[in-house]
Number of protein chains: 2
Amino acid sequence: MTASMSHGSMHEGLDLLQVPDLAAQLRVDSIRAAGSAGSGHPTSSLSAADLLATLMSRHLRYDWQHPDAPGNDHLIFSKGHASPLLYSVYKAAGVVSDQELMEGYRRFDQRLEGHPTPVLPWVDVATGSLGQGLPDAVGIALAGKHLENSPYRVWALTGDSELAEGSMWEAFATAAHYQLTNLITIVDVNRLGQRGPTALGWDLETYAARVEAFGMRAVLIDGHDVTEIDEAMALAVTEQDRPLVILARTVKGRGVPEVEDELNWHGKPLEEDVARSAIAQLGGQRDIVVTGPRPPAVDAPPHTRGELSLPTFEPGEEVATRKAYGAGLAALGAADPRVVALDGEVSNSTGVATFIDEHPDRFFEMFIAEQQMVAAATGLSTRGYIAFASSFAAFLTRAADFIRMAPVSRADLRLVGSHAGVEIGADGPSQMGLEDLAMIAATQGSTVLYPSDATSTVALVEQMADTSGVSYLRTTRGAYPVLYGSEERFPVGGSKTLRSSDGDAVTLIGAGVTLHQALAAADELAEEGIRARVIDAYSVKPIDGEGIRAAVAATGGRVVVAEDHHAEGGLGAAVLAALTAEPVSDLHVKHLAVDGVPGSGDTAELLAWAGIDAEHIAAAARTVLEG
Amino acid sequence: MTASMSHGSMHEGLDLLQVPDLAAQLRVDSIRAAGSAGSGHPTSSLSAADLLATLMSRHLRYDWQHPDAPGNDHLIFSKGHASPLLYSVYKAAGVVSDQELMEGYRRFDQRLEGHPTPVLPWVDVATGSLGQGLPDAVGIALAGKHLENSPYRVWALTGDSELAEGSMWEAFATAAHYQLTNLITIVDVNRLGQRGPTALGWDLETYAARVEAFGMRAVLIDGHDVTEIDEAMALAVTEQDRPLVILARTVKGRGVPEVEDELNWHGKPLEEDVARSAIAQLGGQRDIVVTGPRPPAVDAPPHTRGELSLPTFEPGEEVATRKAYGAGLAALGAADPRVVALDGEVSNSTGVATFIDEHPDRFFEMFIAEQQMVAAATGLSTRGYIAFASSFAAFLTRAADFIRMAPVSRADLRLVGSHAGVEIGADGPSQMGLEDLAMIAATQGSTVLYPSDATSTVALVEQMADTSGVSYLRTTRGAYPVLYGSEERFPVGGSKTLRSSDGDAVTLIGAGVTLHQALAAADELAEEGIRARVIDAYSVKPIDGEGIRAAVAATGGRVVVAEDHHAEGGLGAAVLAALTAEPVSDLHVKHLAVDGVPGSGDTAELLAWAGIDAEHIAAAARTVLEG
């Protein structure tokens with residue numbers, strides 16, 4: 001240890017000779033943090049300590065005091081379970097105290113969580129579900145290279161185990177396609193997963209062949225040789241051709257002889273005596289504070305919204321909501337340069353083609369890689385972009401784990417799923433979104449919107465731009481009559497009453513295609529002298545509980561709700577939750593939803609088969625009236 | 001056309017010279033079928049017609065009259081949208097009539113659906129969600145090579161667009177790891193996706209580099225040259241080293257000059273005059289019937305269950321349900337050789353380690369590739385295996401689209417998700433399954449089980465073995481007291497009443513960890529003189545509607561339901577649906593669930609934070625009693 005590295009002193013960058021001492025500190029602190037918490041992943045931290053010591057002290061251009069500085073590099077910790085190492089880096093950067101590390105790690109109501117999340121200002125996206133950090137990083141790199149034209153670089157540390165996730169290969173393919181030379185992937189190849197060896201072990205050549213075939217430049221190094229690490233990282237500046245992947249051969253548990261390269265030490269703190277002796281051998285506790293290279297000074301891109309001129313539609317005109325979505329998004333894009341779109345190679349179906357025509361430079365084709373699409377939208381949102389990602393509703397389920405993680409990342413994720421339900425007809429069940437409402441509604445803090453006409457669609461698209469968290473717009477394949485004039489408002493959490501009179505005997509609730517069926521059912525019932533109130537529940541979550549409870553109360557507790565979705569977790573479930581949110585004295589519900597595996601057919605045949613067409617809604621209304 | 005290929009005649013295999021004529025028939029029929037339906041994907045069929053003509057007539061060993069013959073090869077149509085081609089193959093095999101092709105395709109209540117499903121006896125798994133057929137095929141190949149020791153081969157036809165899906169690379173990696181030389185992948189590289197060119201176009205060399213790096217043997221051919229096709233397919237017999245991938249350069253729309261290699265012809269039938277002239281140029285309608293090579297005669301593996309001896313547990317003993325799952329599965333595996341297990345590299349956490357110890361030859365490590373894991377379980381189930389696939393509940397969401405498709409495949413898919421909810425403690429939200437119940441409950445025909453103790457866990461594992469469709473067992477990280485003696489029965493669709501008296505004032509419903517909290521709440525309430533009925537809702541779907549309605553009616557309509565899951569789509573939603581399935585006159589519900597993004601902490605801290613611990617349940621009970 002040199003004099004200039006005494007405890008508590010501050011440096012701007014380290015001489016390479018000093019890096020091992022910093023690495024030793026990161027190791028000691030990783031061991032201490034996990035030991036203090038009684039859980040965590042010290043061995044997965046030890047393998048990457050030399051990588052992170054070299055990175056933070058000599059290559060990561062980062063102003064730790066200003067994590068939002070637009071020129072800052074981004075460090076994405078894809079192997080999030082190695083959080084002891086990341087938090088030890090924060091201590092070494094002088095932004096987390098030793099006390100916080102020792103008393104806060106993995107504790108309740110503390111920010112040093114078991115896996116990193118953006119409750120920490122230096123974390124862009126939450127990790128811990130392996131295979132997500134790198135795809136998220138692709139989104140941040142896309143923003144830097146293709147939107148912000150910023151000099152920042154994105155450094156992603158991944159494990160080797162997580163290279164088994166297909167999402168990682170979607171990320172590599174996308175990084176190559178978009179020539180993201182601002183993305184540097186560092187793979188900590190410590191050969192051991194949670195329960196045993198990885199499929200490829202230390203076969204770095206095979207990893208290299210794979211990433212090279214996917215368009216990367218691979219560099220193979222000894223991940224404990226700081227000279228090799230340093231030279232590889234220096235290529236981030238000179239390599240302008242292909243995104244760089246540093247494949248680092250490492251030893252899990254490196255620095256603690258008792259656990260080095262041993263099985264059964266994943267996710268466990270060291271035994272106390274082993275930890276004590278290891279810390280002593282590593283030179284004991286240090287409190288070196290190091291500042292790496294400064295980021296370049298760059299201006300943040302201007303973020304303002306101009307005047308918005310949404311498309312309007314004539315009531316009665318037949319327009320598919322998926323087409324209205326595209327038109328609305330294109331208009332939004334004209335008003336706000338932050339609006340970007342992504343699609344999973346179905347833009348001519350989802351409606352996004354309209355946006356692409358008008359704003360080709362703000363559209364990213366993600367091909368058929370929905371996980372990467374959602375991850376890219378997540379990454380883009382961390383840079384302040386208003387990213388809308390679309391595919392068939394059915395295929396958004398491909399990205400369910402990424403959607404689940406978006407609220408943990410505190411990301412504003414805007415999703416649009418077209419071709420909802422059996423309504424699509426002949427293509428059959430593989431293409432029918434019948435589970436999408438349940439998936440998104442169960443996502444923490446989400447907003448679920450399901451418009452029935454073009455006017456409400458564009459109004460909701462506008463609101464999604466300002467909605468935080470995960471928001472979802474469900475659109476329909478077929479064209480249906482416009483129901484509303486452009487003066488109508490559609491607040492999130494509201495509903496519309498389309499038919500109403502004092503003598504209403506039953507409430508009919510629909511959204512999307514079933515709203516049109518409910519209107520037809522009301523006509524049919526009217527001919528029999530039965531008056532039905534009809535509610536457009538365009539906001540499925542939050543649902544208009546007050547409005548729906550009032551309507552149902554006004555109709556003697558009698559209500560029919562119909563949805564083009566399975567019975568679980570969709571519109572009906574939201575209505576039932578609203579109706580029972582207060583004590584109930586009189587309630588008779590019929591819930592019509594899709595049960596059974598559909599086949600092909602035309603829309604009318606399939607709505608009838610599913611029992612969600614006007615005829616079945618009217619029949620259900622008669623049943624509740626009899627009951 | 002040779003005399004021996006006159007209409008309606010039958011052949012066992014074709015001379016290579018005759019294959020182009022068969023290919024022309026497949027093209028003509030693909031055009032006719034899509035034209036008759038007014039929708040479908042003829043151009044995607046035309047590119048692969050020569051591939052399929054060669055395969056079906058000279059390489060696919062298949063007894064069309066006996067689709068269940070154990071020696072039959074398997075044809076997995078991963079690019080399921082090219083169904084006109086597949087159904088034309090069925091016509092050429094003599095198992096679908098021309099009339100059915102022309103009048104049944106894509107029609108309501110007909111078996112020739114827009115995308116193939118196993119309502120057709122020659123289809124193993126449903127396709128149409130791109131990127132699933134090949135991973136499913138890996139499961140079938142695993143069964144053939146590692147369980148059945150059968151000579152059958154699995155031929156998977158994939159598109160090039162779907163190679164963008166990460167799941168395809170999980171499949172290649174898995175095929176290489178398990179040396180599935182019985183799997184032949186044929187990639188129809190027609191360079192055009194739905195909305196435009198693919199990322200790699202006709203760059204077959206890059207595809208070859210990628211699949212070779214993933215451990216395959218790549219063969220590059222002209223996909224319209226039947227000699228090249230034939231030679232490549234013949235390698236399936238001689239290649240014993242690596243799984244074969246045939247990369248076939250093809251032209252989308254091949255055979256119809258007006259649309260060949262043209263954009264904007266995806267998923268559209270040809271215009272009538274174009275179709276008429278193309279059919280004429282292709283030689284008009286034919287009705288050749290061809291039988292390819294016969295499959296080898298092999299015996300089906302014996303499928304019987306021996307005597308089952310489930311582990312038993314002492315009431316009061318503390319056992320984690322995840323550990324009980326492993327013990328139960330190991331016992332089931334001892335009784336039934338069809339039982340196999342798969343895990344996503346967390347077997348020491350999910351409990352499956354116990355099964356691996358006892359039945360290592362029936363365990364497949366899927367590493368961290370949950371999509372492939374679920375697909376492999378799907379494929380294995382088509383071969384009669386009782387496959388259980390496990391990971392953390394949170395990470396099963398990675399495979400949501402595969403789970404969605406399982407009912408379309410009519411597959412019996414058994415999933416087990418451990419580490420449910422905030423109960424897990426310090427690891428934090430990325431590892432907490434809080435959406436899993438919603439995901440599986442919304443799956444068509446699914447069964448959702450959530451036991452609270454070890455005894456009920458093993459009883460439910462036994463029943464899962466005989467449950468059709470998608471079934472799901474949710475397990476808990478921590479160890480909790482065994483509640484039941486081994487004599488108790490836990491029928492799917494039932495519930496258990498653990499506390500009950502005539503004077504019960506409120507019903508408390510829980511499952512998993514919240515059942516233990518509900519019992520503690522009942523104790524707390526009892527001290528205040530409030531009697532609470534406590535119900536173990538171990539069967540979330542189907543839920544015990546009758547039992548729950550009776551309990552709630554007996555307690556004046558007062559009910560508290562608590563779950564370690566988000567409020568949407570889980571236990572509470574199931575209870576509400578049950579309570580409102582019949583007219584309601586008096587109901588006061590409090591639904592306690594997890595809202596907000598959790599952090600780290602210990603179990604007690606997090607259950608309290610989420611408001612689902614005994615104290616909050618008791619408080620909610622007091623509220624409904626006041627209300």
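Scroll up to find the structure.
Rules and cut-offs
Residues numbered from 1 in each chain as written. Chains lettered and ligands numbered in written order. Predicted model: local features only at pLDDT ≥ 70, side-chain atom pairs only at ≥ 80, totals over all residues. Heavy atoms only, no water. Helix = DSSP H or I, 4+ residues; strand = E, 2+ residues; numbered from the N terminus. Rg over C-alpha atoms; globule rule 2.2 N^0.38 Å. Buried < 20%, exposed > 50% of the residue type's maximum accessible area, 1.4 Å probe, protein only. Contact = heavy atoms within 4.5 Å. Buried area = accessible area lost by both parts, 1.4 Å probe. Salt bridge = Lys/Arg side-chain N within 4 Å of Asp/Glu carboxyl O. Polar contact = N/O pair within 3.5 Å; in protein donor to acceptor, adjacent residues only side chain to side chain. Nonpolar A, V, L, I, M, F, W, Y, C, P; charged D, E, K, R; others polar. Phe/Tyr/Trp six-rings, centres within 6.5 Å; stacked < 30°, edge-to-face > 60°. Core = buried A, V, L, I, M, F, W, Y, C linked by side-chain atoms within 4.5 Å. Pairing = 2+ DSSP bridges. Axes fitted to C-alpha atoms, helices over the stretch in contact; angles between N-to-C directions. Least-squares fit on C-alpha atoms with pLDDT ≥ 70 in both.

K.L.:
Explanation requested: the overall build of chain A in the structure shown.
P.N.:
Summing up its helical and strand segments, chain A has 23 helices and 21 strands in all. Computed over C-alpha atoms, the radius of gyration of chain A comes to 28 Å, within 12% of the 25 Å expected from 2.2 N^0.38 for 627 residues, which places it in the range of a compact globule. Projected onto its principal axes, the C-alpha positions of chain A cover 95 × 50 × 40 Å. By the burial criterion, 68% of the 627 residues in chain A qualify as buried. Within chain A, residue pairs in contact and separated by at least 24 positions form 78% of the contacts whose partners lie at least 6 positions apart.

K.L.:
What is the right way to look at the interface of chain B and chain A in this model?
P.N.:
With 98 residues of chain B at the interface, the matching set in chain A holds 98 residues. Each partner contributes to the roughly 7,600 Å² buried at the junction of chain B and chain A, and carbon and sulfur atoms together form 53% of this total. A per-residue breakdown of the area chain B buries against chain A is headed by F108, R398 and R404 of chain B, which together make up 10% of the total. Linking chain B with chain A are 12 salt bridges, by the criterion used here. In this structure, D401 of chain B and R398 of chain A form a salt bridge, with 3.0 Å as the shortest nitrogen-oxygen distance. At the surface where chain B touches chain A, the tally comes to 56 residue pairs in polar contact (both at pLDDT 80 or more). Examining the composition of the side of chain B that touches chain A, we find that six residues originate from one element, helix α7 (residues 166-177) of chain B, more than from any other. When grouped by side-chain class, the residues that make up the side of chain B that touches chain A number 39 nonpolar, 36 polar and 23 charged.

K.L.:
Help me understand the packing of aromatic side chains in this model?
P.N.:
Within a pair of aromatic rings, the relevant descriptors are the distance that separates the centres and the angle that separates the planes. Residue and element names in this part refer to chain B. Throughout the structure, instances matching the rule amount to 27 aromatic pairs over all chains. With centroids separated by 6.2 Å and ring planes inclined at 35°, the aromatic side chains of Y87 and Y90 adopt a geometry described as tilted. Linking Y87 with Y90, this pair stays in helix α4 (residues 83-92), spanning three residues, or about one helical turn. For the pair Y87 and Y90, a shared accessibility class is recorded, and that class is buried. With centroids separated by 5.6 Å and ring planes inclined at 75°, the aromatic side chains of Y87 and Y105 adopt a geometry described as edge-to-face.

K.L.:
Is there a simple way to think about the nonpolar core in this case?
P.N.:
Side chains of a nonpolar character, in soluble globular proteins, are inclined to be buried together. Counting 275 residues, the largest nonpolar core has L342, L415 and L508 of chain A together with L342, L415 and L508 of chain B as its most contacted members. Among all residues touching L415 of chain A, those that are not within four sequence positions of it are V374, A389, L396, I403, I440, M464, V470, S471, Y472 and L473 of chain A.

K.L.:
I tried to follow the sheet that holds strand β4 (residues 183-189) of chain B on my own but got confused; where do I start?
P.N.:
Pairing between sheet strands relies on hydrogen bonds along the backbone, with the strands arranged either parallel or antiparallel. All names here are of chain B. Read across the sheet, five strands follow the order β2-β3-β4-β6-β5 without closing on themselves; strand pairing throughout is parallel. The open sheet is flanked by β2 (74-77) and β5 (217-222), the only strands paired with a single partner. For this sheet, the mean angle separating the axes of adjacent strands, direction not counted, is 20°. Alignment of strand β3 (residues 154-159) against β4, held across six bridges, turns out to be parallel. Directly across from G159, in β4, lies its bridge partner D188. The strands touched by helix α6 (residues 133-148) within the sheet are β2, β3 and β4, with β3 carrying the most contacts at an inclination of about 170°.

K.L.:
Would you mind going over the sheet that holds strand β10 (residues 363-365) of chain A with me for this structure?
P.N.:
All names here are of chain A. Read from one edge to the other, the open sheet built from seven strands follows the order β10-β9-β11-β12-β14-β13-β19, with strand pairing classed as mixed. Of all the strands in the sheet, the pair left with one neighbour each is β10 and β19 (539-541). The average angle at which neighbouring strand axes cross in this sheet is 20°, direction not considered. Pairing geometry for strand β13 (residues 447-449) and β19, over two bridges, is antiparallel. In the sheet register, L449 faces β19, and the bridge partner there is S539. Strands in contact with helix α14 (residues 370-382) are β9 (339-343), β10, β11 (386-392) and β12 (413-418); relative to β11, the strand with the most contacts, it is inclined by about 165°. Sheet strands touched by helix α18 (residues 454-464): β11, β12, β13 and β14 (470-474). Its angle to β14, the strand with the most contacts, is close to 165°.

K.L.:
What am I meant to see in the pattern of salt bridges here?
P.N.:
Any two side chains of opposite charge can pair, on the condition that their charged atoms come close. Under the defined criterion, the tally for this structure stands at 70 salt bridges over all chains. The partner of R338 of chain A in a salt bridge is D336 of chain A, and the shortest N-O contact between them spans 2.7 Å. Judged by relative accessible area, which is 0%, D336 of chain A ranks as buried. The salt bridge partner of D504 of chain B is R533 of chain B, with a shortest N-O separation of 2.8 Å. Of the two residues, D504 of chain B sits in the loop between β16 (496-499) and β17 (506-510) while R533 of chain B sits in strand β18 (residues 532-536), which places them 29 residues apart along the sequence. You can call R533 of chain B buried: its relative accessible area is 14%. Each of the salt bridges in this network shares a partner with another, and the network as a whole consists of D29, R32, K91, D98 and D287 of chain A.

K.L.:
Help me understand the environment of A327 of chain B, please; the structure alone is not making it clear to me.
P.N.:
All names here are of chain B. Note on placement: A327 falls in helix α11 (residues 321-335). Considering only alpha carbons, one finds A327 and K496, 169 residues apart in sequence, at a separation of 23 Å. With residues up to four places along the chain from it excluded, the contact list for A327 reads P311 and T354.

K.L.:
When you look at the relation of the copies chain B and chain A in this model, what are you seeing that I'm missing?
P.N.:
A rotation about an axis combined with a shift along that same axis relates the two copies of the chain. Taken as rigid bodies, chain B and chain A are interconverted by a rotation of 180° and an axial shift of 0.0 Å, the fit giving an RMSD of 0.0 Å. Such values leave the two copies arranged in the relation of a two-fold axis. Among all residues of chain B, the minimum C-alpha distance to the rotation axis is found for G166 of chain B, at 1.8 Å. Mapped onto chain A, 100% of the interface residues of chain B are again interface residues, and the two copies thus contact each other with one and the same surface.

K.L.:
Whenever I open this one, unusual backbone geometry confuses me. Can you help?
P.N.:
A negative phi angle characterises most non-glycine residues, just as the trans form characterises most peptide bonds. A cis geometry characterises the amide bond from K541 of chain A onward to P542 of chain A, with omega recorded as 0°. In this structure, P542 of chain A sits in the loop between β19 and α20 (545-554). Even without being glycine, R106 of chain B reaches a positive phi, approximately 65°. Checked against the element boundaries, R106 of chain B lands in the loop between α5 (98-104) and α6. A relative accessible area of 4% places R106 of chain B in the buried class.

K.L.:
Please explain the pairing of strand β12 (residues 413-418) of chain B as it appears in this structure.
P.N.:
Consecutive side chains of a regular strand alternate in pointing toward one face of the sheet and then the other. Residues and elements named next belong to chain B. Where burial is concerned, most of β12 is hidden: six out of the six residues are buried. On β12, burial covers both faces: L413, L415 and G417 on one face and R414, V416 and S418 on the other are all buried. One ladder, built from five bridges, connects strand β11 (residues 386-392) with β12; its direction is parallel. In the strand pairing of β12, A389 is matched with L415. Pairing of β12 with strand β14 (residues 470-474) involves five bridges; the strand directions are parallel.

K.L.:
I tried to follow helix α3 (residues 49-58) of chain B on my own but got confused; where do I start?
P.N.:
One turn of an α-helix holds 3.6 residues; hence residues three or four places apart share an orientation. The element α3 of chain B is largely enclosed, with a buried count of nine among its 10 residues. Among all positions of α3 of chain B, only A49, D50, L51, L52, A53, T54, L55, M56 and S57 of chain B are buried.

K.L.:
Just to check I follow, could you spell out the side chain of D401 of chain A for this structure?
P.N.:
Mapped onto the fold, D401 of chain A is located in helix α16 (residues 400-405). Side chain to side chain, D401 of chain A and R404 of chain A meet in a polar contact 2.7 Å long. Separated by 3.0 Å, the side chains of D401 of chain A and T397 of chain B make a polar contact. Non-local contacts of D401 of chain A, meaning those with residues more than four positions away in its chain, are made with S129 and Q132 of chain A together with A394, F395, T397 and R398 of chain B.

K.L.:
Explain the pairing of strand β20 (residues 558-566) of chain B to me, please; I cannot follow it from the model alone.
P.N.:
All names here are of chain B. Among the nine residues in β20, eight count as buried, and that is most of the element. Summarising the sheet, β20 and strand β21 (residues 588-594) pair through six bridges and their orientation is parallel. Directly across from V561, in β21, lies its bridge partner H591.

K.L.:
Even after reading the chapter, I still don't get helix α21 (residues 571-579) of chain B, so can you show me in this structure?
P.N.:
Burial within α21 of chain B is extensive, with eight of its nine residues counted as buried. Listed in full, the buried residues belonging to α21 of chain B are L571, G572, A573, A574, V575, L576, A578 and L579 of chain B.

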